[in-house]
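The lines below spell out each chain.
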Amino acid sequence: MVSIIMGSSSDLKVMQAAIDILKEFDVEHEVDIVSAHRTPHKMVDFAENAKARGVEVIIAGAGGAAHLPGMVASCTTLPVIGVPVKSSNSIDGWDSVLSILQMPNGVPVATVALNASQNAGLLAIQILGVKDNAIAEKLEIYKETLKEKVARMSDEVRA
């Protein structure tokens, strides 16, 4: 199972792409609001108990100071994928990117591009695909459709 968390409901419009790609691949997932700053005890409880609840990968989206992915990663051994969100109080999103990207040694967080939650979902799918052949096969098909799409675009441009 993949857990998708975010600091605020305003992040949902960005995080929806991760939800959608997980649905497309029929990957079990859950979604919740967990704020590192406003609900720190909930965040610690979530991170410490995620593995026991069957979570295998965590996707954490956050804007501004964006402490959620790193703080969750500090409380669990599960892989955490951070999605920097360009929020209304953001400095062009760079504050979020750097907050998630610049983790200290020993507390890794995989970081995708600004607002790129679909890539976070795909990375979670790739992680699960290492041990789940059905997911790996769906991912192979998905990658082939990307190649076909580019081939069609190439044909159109050259025509």
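Definitions and limits used
- Residues numbered from 1 in each chain as written.
- Predicted model: local features only at pLDDT ≥ 70, side-chain atom pairs only at ≥ 80, totals over all residues.
- Heavy atoms only, no water.
- Helix = DSSP H or I, 4+ residues; strand = E, 2+ residues; numbered from the N terminus.
- Buried < 20%, exposed > 50% of the residue type's maximum accessible area, 1.4 Å probe, protein only.
- Contact = heavy atoms within 4.5 Å.
- Areas by Shrake-Rupley, 256 points an atom, 1.4 Å probe, with all protein chains shown as cover.
- Lys, Arg positive; Asp, Glu negative; His and termini not counted.
- Charge placed at Lys NZ, Arg CZ, Asp CG, Glu CD.
- Pairing = 2+ DSSP bridges.
- Axes fitted to C-alpha atoms, helices over the stretch in contact; angles between N-to-C directions.
- Salt bridge = Lys/Arg side-chain N within 4 Å of Asp/Glu carboxyl O.
- Core = buried A, V, L, I, M, F, W, Y, C linked by side-chain atoms within 4.5 Å.

## Description of the overall build of the protein
When helices and strands are counted, the protein shows 6 helices and 5 strands. Secondary structure of the protein in N-to-C order comes out as β-α-β-α-β-α-β-α-β-α-α. Counting every position in the protein, which comprises 159 residues, the buried fraction comes to 42%. Long-range contacts, defined as pairs at least 24 residues apart, comprise 66% of the intrachain contacts of the protein with a sequence gap of at least 6. Counting every atom, the protein has about 8,800 Å² of accessible surface; 55% of that belongs to carbon and sulfur. Placing the 14 positive and 19 negative side-chain charges of the protein at their respective mean positions leaves the two points 3 Å apart.

## Describing the sheet that holds strand β4 (residues 80-85)
Taken together, the 5 strands give an open sheet; going across it, the order is β2-β1-β3-β4-β5, and neighbouring strands pair in parallel fashion. Two strands bound the open sheet, and with one partner strand each, they are β2 (29-33) and β5 (110-111). In terms of strand pairing, strand β3 (residues 57-63) meets β4 through 6 bridges, oriented parallel. By the bridge assignment, Ala60 is partnered in β4 with Gly82. The strands touched by helix α4 (residues 94-101) are β3, β4 and β5; relative to β4, the strand with the most contacts, the crossing angle is about 165°.

## Considerations on the pattern of salt bridges
Taken as a whole, this structure holds 6 salt bridges when the rule is applied. Linking Lys138 and Asp26 is a salt bridge whose minimum nitrogen-to-oxygen distance equals 3.3 Å. Within this pair, whereas Lys138 is found in helix α6 (residues 133-158), its partner Asp26 is found in the loop between α1 (12-24) and β2, the two being separated by 112 residues in sequence. Here Asp155 and Arg158 are joined by a salt bridge, their closest N and O atoms 2.8 Å apart. With Asp155 and Arg158 both in helix α6, this residue pair falls 3 residues apart, about one helical turn.

## Let's talk about unusual backbone geometry
Trans is the prevailing form of peptide bonds, just as negative phi is the prevailing case for residues other than glycine. We note that Asp26 has phi near 55°; this positive angle belongs to a residue other than glycine. By relative accessible area, Asp26 is classed as exposed at 62%. The backbone of Asn115 shows a phi angle near 65°, a positive value even though the residue is not glycine. The class of Asn115 is partly exposed, set by a relative accessible area of 34%.

## Remarks on the nonpolar core
The biggest cluster of nonpolar side chains holds 26 residues, and the ones touching the most others in it are Val2, Ile4, Phe25, Val27, Ile59, Val83 and Ile125. Element by element, the count of residues in this core is highest for α1, at 6 residues. The contact partners of Phe25, leaving out residues within four places of it in the chain, are Leu122, Ile125, Lys138, Leu139 and Tyr142. Of all hydrophobic cores here, the second largest spans 21 residues; its members include Ala36, Ile58, Val72 and Val107.

## Re the side chain of Asp95
Mapped onto the elements, Asp95 comes out in helix α4. This buried residue, Asp95, is left without a salt bridge; Lys86 holds the nearest opposite charge, at 9.0 Å. Apart from residues lying up to four places away in sequence, Asp95 is in contact with Gly64, Asn89 and Ser90.

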